[in-house]
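Below are the chains, spelled out letter by letter.
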Amino acid sequence: MKYVGWPEEGELVVGKVDDIEDFGVFVDLEEYEDKRGLVHVSEVASGWIKNVRDHVNEDQTVVAKVLDVDESAQQIDLSLKDVNDHQRSDKIQEWKNEQKADKWLTLAFGEDMADDQFRRIANVLLGEFGSLYEGFEQAAIHGYEALEDSDLDDDEQDAIVETARENVSVPYVTVTGYVTLTSPDVDGVDDVKEALQAAEGNGDVPDEADLEVTYVGAPEYRIRVQAPNYKTAEDQLEEAGARAVAEIDAQGGEGNFHRERQLDEE
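Residues numbered from 1 in each chain as written. Predicted model: local features only at pLDDT ≥ 70, side-chain atom pairs only at ≥ 80, totals over all residues. Heavy atoms only, no water.

## Focus: the overall build of the protein
Inference 1: The number of helices and strands found in the protein is 6 helices and 9 strands.
Inference 2: For 266 residues, the compact-globule estimate of 2.2 N^0.38 gives 18 Å, and the C-alpha radius of gyration of the protein, at 27 Å, exceeds that figure by more than 25%.
Inference 3: Here the C-alpha coordinates of the protein stretch approximately 90 × 45 × 25 Å along the principal axes.
Inference 4: Among the 266 residues that make up the protein, the fraction classed as buried is 42%.
Inference 5: Counting contacts in the protein only where the partners sit at least 6 residues apart, residues at least 24 apart contribute 62% of the total.
Inference 6: Split by element, the accessible area of the protein, about 14,800 Å² in all, is 41% carbon and sulfur. (Helix = DSSP H or I, 4+ residues; strand = E, 2+ residues; numbered from the N terminus. Rg over C-alpha atoms; globule rule 2.2 N^0.38 Å. Buried < 20%, exposed > 50% of the residue type's maximum accessible area, 1.4 Å probe, protein only. Contact = heavy atoms within 4.5 Å. Areas by Shrake-Rupley, 256 points an atom, 1.4 Å probe, with all protein chains shown as cover.)

As structure tokens, this is what we get:
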């Protein structure tokens with residue numbers, strides 16, 4: 001998808017070098033429909049420039065900073081020298097992510113999707129999340145909850161969430177803790193099982209978190225949580241430990257939650 005309209009002064013844009021002249025470089029903007037900018041020779045690189053072609057090549061993909069926009073004259077002035085390596089790398093990655101998200105929209109709604117529907121859905125995601133990629137990433141992490149306040153109908157939300165979960169690689173973090181559970185009751189094994197089930201959440205763990213409880217050596221059990229960020233992971237880990245301890249206490253046993261192993265590995 002390409003934006004309709006004009007870039008803003010100070011914005012970083014991705015473009016492809018179309019023509020090189022002694023006085024500067026013409027760049028076709030990849031993110032905007034039918035927009036072309038000029039990088040004056042003085043903005044190609046720092047210092048004196050003997051030959052512009054020593055610095056850029058035709059068809060080269062570049063990141064430029066918008067210096068000025070004159071809509072009446074249909075002119076966009078750009079700079080290459082005002083973009084540092086970090087900005088260039090980040091912008092290229094952002095642009096590539098949006099290209100991926102474009103393809104995901106097509107996967108979600110089909111090759112025959114009408115242009116007006118494509119733009120409407122894209123504009124909803126841009127308005128809610130700032131980028132198409134972020135919209136798909138949030139849908140992959142949070143599911144329907146990420147889209148419930150948007151102007152997308154149920155079928156559109158279904159298509160986006162399903163496509164996101166199949167295609168978006170979400171960065172996850174993993175945290176681990178332990179619970180020690182004991183019960184003096186004759187049915188103590190059952191008491192511990194109920195405490196472990198409580199730790200697993202009984203269906204109350206949010207979709208974006210993956211929680212697993214494993215045996216490491218009685219009376220100690222490992223709780224492992226995987227989530228898209230540390231806050232969610234830590235919160236879910238502590239809640240799981242608290243549920244297990246509360247349940248074993250209610251059964252007349254004892255329990256405690258700790259972050260490090262207290263028993264040696266078997």
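## Brief notes about the environment of Glu 220
Inference 1: Within the element layout of this structure, Glu 220 appears in strand S8 (residues 220-227).
Inference 2: At a separation of 2.8 Å, a polar atom in the side chain of Glu 220 contacts the side chain of His 258. (Polar contact = N/O pair within 3.5 Å; in protein donor to acceptor, adjacent residues only side chain to side chain.)

## A closer look at helix H5 (residues 188-199)
Inference 1: Taking 1.5 Å per residue, 12 residues should reach 16 Å; H5 reaches 17 Å between its end C-alpha atoms and fits that length.
Inference 2: Buried within H5 are the following residues: Gly 188, Asp 191, Val 192, Ala 195, Leu 196, Ala 198 and Ala 199. With its buried residues spanning 155° around the axis, H5 presents them on a single face.
Inference 3: On the buried face of H5, the contacting elements are strand S6 (173-182), strand S7 (210-217), S8 and helix H6 (230-250).
Inference 4: Downstream of H5 by a residue or two, Gly 201 has a phi angle that is positive, lying close to 100°. (Expected span 1.5 Å × (residues − 1). Arc of directions from axis to C-beta.)

## Topic: helix H2 (residues 115-129)
Inference 1: The end-to-end C-alpha separation of H2 is 21 Å, in line with the 21 Å expected for 15 residues at 1.5 Å each.
Inference 2: Turning to H2, its buried residues number three or more, namely Phe 118, Ile 121, Ala 122, Val 124, Leu 125 and Leu 126.
Inference 3: As for H2, its buried residues are in contact with helix H1 (85-109), helix H3 (132-142) and helix H4 (154-167).

## A few points about the UniProt feature "domain: S1 motif" (unreviewed entry) in the protein
Inference 1: With numbering aligned to this structure, UniProt lists the feature "domain: S1 motif" (unreviewed entry) at residues 10-81.
Inference 2: Across residues 10-81 one finds 0% helix and 50% strand; the C-alpha atoms that close the span lie 13 Å apart. (UniProt positions renumbered as here; feature names shortened; annotations may be inferred.)

## Some points on unusual backbone geometry
Inference 1: A positive phi angle, close to 75°, is found at Asp 59, a residue other than glycine.
Inference 2: Along the chain, the position of Asp 59 falls in the loop between strand S3 (36-40) and strand S4 (61-70).
Inference 3: Within the chain, Gln 74 stands out as a residue other than glycine whose phi angle is a positive 55°.
Inference 4: The topology assignment puts Gln 74 in the loop between S4 and strand S5 (75-79).

## Focus on the packing of aromatic side chains
The geometry of an aromatic ring pair is captured by two quantities: the separation of the ring centres and the angle between the planes.
Inference 1: As enumerated under the stated definition, the model contains 5 aromatic pairs in all.
Inference 2: For the pair Phe 23 and Phe 26, a centre-to-centre distance of 6.0 Å together with 85° between the ring planes defines the contact as edge-to-face.
Inference 3: One aromatic cluster is present, formed by Trp 104, Tyr 133 and Phe 136 through successive ring pairs.
Inference 4: Directly above the aromatic system of Trp 6 lies the positively charged group of Lys 35, at a separation of 4.7 Å from the ring centroid. (Phe/Tyr/Trp six-rings, centres within 6.5 Å; stacked < 30°, edge-to-face > 60°. Lys NZ or Arg CZ within 6 Å of the ring centre and 35° of its normal.)

## Digging into the sheet that holds strand S2 (residues 24-29)
Inference 1: Strand order in the closed barrel formed by 5 strands is S1-S2-S3-S5-S4, with mixed pairing between adjacent strands. Along the sheet, successive strands turn relative to each other by an average axial angle of 50°, direction set aside.
Inference 2: Sheet topology note: the strand S1 (residues 12-21)/S4 ladder contains 5 bridges and is antiparallel. Its bridge partner lying in S4, Val 14 is registered against Val 63.
Inference 3: Together, S1 and S4 form the strand contacts of H1, whose direction differs from that of S1 by roughly 100°. (Pairing = 2+ DSSP bridges. Axes fitted to C-alpha atoms, helices over the stretch in contact; angles between N-to-C directions.)

## A closer look at the sheet that holds strand S9 (residues 254-258)
The strands making up a sheet are joined through hydrogen bonds of the backbone, oriented either antiparallel or parallel.
Inference 1: As summarised here, the arrangement of the 4 strands in space is S7-S8-S6-S9, forming an open sheet in which the pairing is antiparallel. Each of the sheet's edge strands pairs with one partner strand only, and the pair in question is S7 and S9. For this sheet, the mean angle separating the axes of adjacent strands, direction not counted, is 25°.
Inference 2: As judged from the 5 bridges shared by S6 and S9, these two strands associate in the antiparallel manner.

## So, the domain arrangement of the protein
Inference 1: Per the domain assignment, the segments making up the protein are domain 1 (11-81), domain 2 (87-167) and domain 3 (173-258).
Inference 2: Of note, the centres of domain 1 and domain 2, computed from C-alpha atoms alone, are 30 Å apart.
Inference 3: Each side of the interface is counted separately: domain 1 has 9 residues, and domain 2 has 6 residues.
Inference 4: Here domain 1 and domain 2 share an interface that buries about 670 Å² over both sides, 66% of which is from carbon and sulfur atoms.
Inference 5: Area buried by domain 1 at its contact with domain 2 is led by Leu 12, Val 14 and Val 63, which between them contribute 58% of it.
Inference 6: Summed over the shared surface of domain 1 and domain 2, the result is 2 salt bridges.
Inference 7: Note that Glu 33 and Arg 119 form a salt bridge whose closest N and O atoms lie 2.7 Å from each other.
Inference 8: Counting every contact that joins domain 1 to domain 2 gives 3 residue pairs in polar contact (both at pLDDT 80 or more).
Inference 9: When contributions to the side of domain 1 that touches domain 2 are tallied by element, the ones reaching two or more residues are S1 and S4.
Inference 10: Ranked by the residues each element gives to the side of domain 1 that touches domain 2, the list is headed by S1, at 3 residues.
Inference 11: In terms of residue class, the side of domain 1 that touches domain 2 is built from 5 nonpolar, 1 polar and 3 charged. (Domains from an automatic or database assignment. Buried area = accessible area lost by both parts, 1.4 Å probe. Salt bridge = Lys/Arg side-chain N within 4 Å of Asp/Glu carboxyl O. Nonpolar A, V, L, I, M, F, W, Y, C, P; charged D, E, K, R; others polar.)

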